[in-house]
Amino acid sequence: GAGVSQSPRYKVAKRGQDVALRCDPISGHVSLFWYQQALGQGPEFLTYFQNEAQLDKSGLPSDRFFAERPEGSVSTLKIQRTQQEDSAVYLCASSGAGGNTGELFFGEGSRLTVL
Amino acid sequence: AQSVAQPEDQVNVAEGNPLTVKCTYSVSGNPYLFWYVQYPNRGLQFLLKYITGDNLVKGSYGFEAEFNKSQTSFHLKKPSALVSDSALYFCAVRDGGSGTYKYIFGTGTRLKVLA
């Protein structure tokens, strides 16, 4: 596609609900990143994929957070039993050639509000 | 561990005047440095990067940045600010020598260009 696409753009969940956020990276991009951006803060690293392999998940805040990229393209970030502190914008970014020195291309984000 | 600091939450500058947005970093290996801009309700957009070579790098929209190894800084500059430059700016660093794929972002600096 022309850019990184994320859906839904906005999600309101009741505390305790499960949510799934989708990311369609730029076609052919090997690397895919998820970031969490709280209000007024910079993006915080969550996890990184190279093709279908999740090489780094050190930023996932708890075992309620799970990410997958089964075919090396579309990725889903799942949050189980959502809590109010999970409210944030979740940004997906992709990059070509192993994400080594290249810039990241970001989607517009999925804004999650947990009530 | 890698980190990046943006010491100013907000920078105000008059249209037509030069602007500087400050960034300092800390990495154990070779720094890969980036600047991104974020407009309201949009994802981050790449402006420029330093990987190696000339310390002065030029990027999109007339922006440039100077890599200073001794001061561990990568300040963003523009000779003549435009009102349309008003946005949130993020500095990011990746440790090129560590094998990590993480890009670490600063907390952001809001630039306001006054007409």
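Note: the structure precedes this text.
Okay, so let's go over this structure. (Residues numbered from 1 in each chain as written. Chains lettered and ligands numbered in written order. Predicted model: local features only at pLDDT ≥ 70, side-chain atom pairs only at ≥ 80, totals over all residues. Heavy atoms only, no water.)

### Considering the interface of chain A and chain B
The interface of chain A with chain B comprises 27 residues on the first partner and 20 residues on the second. Interface area, chain A with chain B, both sides summed: about 1800 Å², of which 52% is carbon and sulfur. Joining chain A to chain B, the criterion identifies two salt bridges. One can count six residue pairs in polar contact (both at pLDDT 80 or more) joining chain A with chain B. Counting only elements with at least two residues in the side of chain A that touches chain B, the list comes to strand E4 (31-37), strand E5 (44-50) and strand E6 (53-56) of chain A. For the side of chain A that touches chain B, the residue count by class is ten nonpolar, twelve polar and five charged. (Contact = heavy atoms within 4.5 Å. Buried area = accessible area lost by both parts, 1.4 Å probe. Salt bridge = Lys/Arg side-chain N within 4 Å of Asp/Glu carboxyl O. Polar contact = N/O pair within 3.5 Å; in protein donor to acceptor, adjacent residues only side chain to side chain. Helix = DSSP H or I, 4+ residues; strand = E, 2+ residues; numbered from the N terminus. Nonpolar A, V, L, I, M, F, W, Y, C, P; charged D, E, K, R; others polar.)

### What to know about the side chain of Asp56(A)
Mapped onto the fold, Asp56(A) is located in strand E6. Within the buried core, Asp56(A) has no salt-bridge partner, and the shortest N-O distance to an opposite charge, that of Lys102(B), equals 4.5 Å. Within the local environment of Asp56(A), its side chain forms a polar contact with the side chain of Ser58(A), the two groups lying 2.6 Å apart. Those residues within four positions of Asp56(A) in sequence are excluded, and the remaining contacts are Phe45(A), Leu46(A), Thr47(A), Tyr48(A), Thr100(B) and Lys102(B). (Buried < 20%, exposed > 50% of the residue type's maximum accessible area, 1.4 Å probe, protein only. Lys, Arg positive; Asp, Glu negative; His and termini not counted.)

### What about the nonpolar core?
A general tendency of soluble globular proteins is for nonpolar side chains to be buried together. Core analysis: the largest hydrophobic core is formed by 27 residues, its most contacted members being Trp35(B), Leu47(B), Leu48(B), Phe74(B), Leu76(B) and Tyr89(B). Breaking this core down by element, the ones donating at least two residues are strand E2 (10-14), strand E3 (19-21), strand E5 (31-38), strand E6 (44-50), strand E8 (64-68), strand E9 (73-78), strand E10 (87-95) and strand E12 (109-114) of chain B. In terms of residues, this core owes the most to one element, E10(B), which gives four residues. Not counting the four nearest positions on each side in its chain, Leu47(B) is found in contact with Trp35(B), Tyr36(B), Val37(B), Gly59(B), Ser60(B), Tyr61(B), Phe63(B), Leu76(B) and Tyr89(B). Ala13(A), Trp34(A), Ile79(A) and Leu112(A) belong to the second largest nonpolar core, which has 20 residues in total. (Core = buried A, V, L, I, M, F, W, Y, C linked by side-chain atoms within 4.5 Å.)

### Here we look at the pattern of salt bridges
Pairing is possible between side chains of opposite charge, provided their charged atoms come close. All names here are of chain A. This model, assessed by the stated rule, comprises eight salt bridges over all chains. One salt bridge connects Arg9 with Glu108, and the closest N-O pair in it is separated by 2.7 Å. Here Glu108 lies in the loop between strand E10 (105-106) and strand E11 (110-114) and Arg9 lies in the loop between strand E1 (5-7) and strand E2 (10-13), a separation of 99 residues in the sequence. Overall, Arg9 belongs to the partly exposed group, its relative accessible area being 28%. Relative accessible area serves as the criterion here: at 31%, Glu108 is assigned to the partly exposed category.

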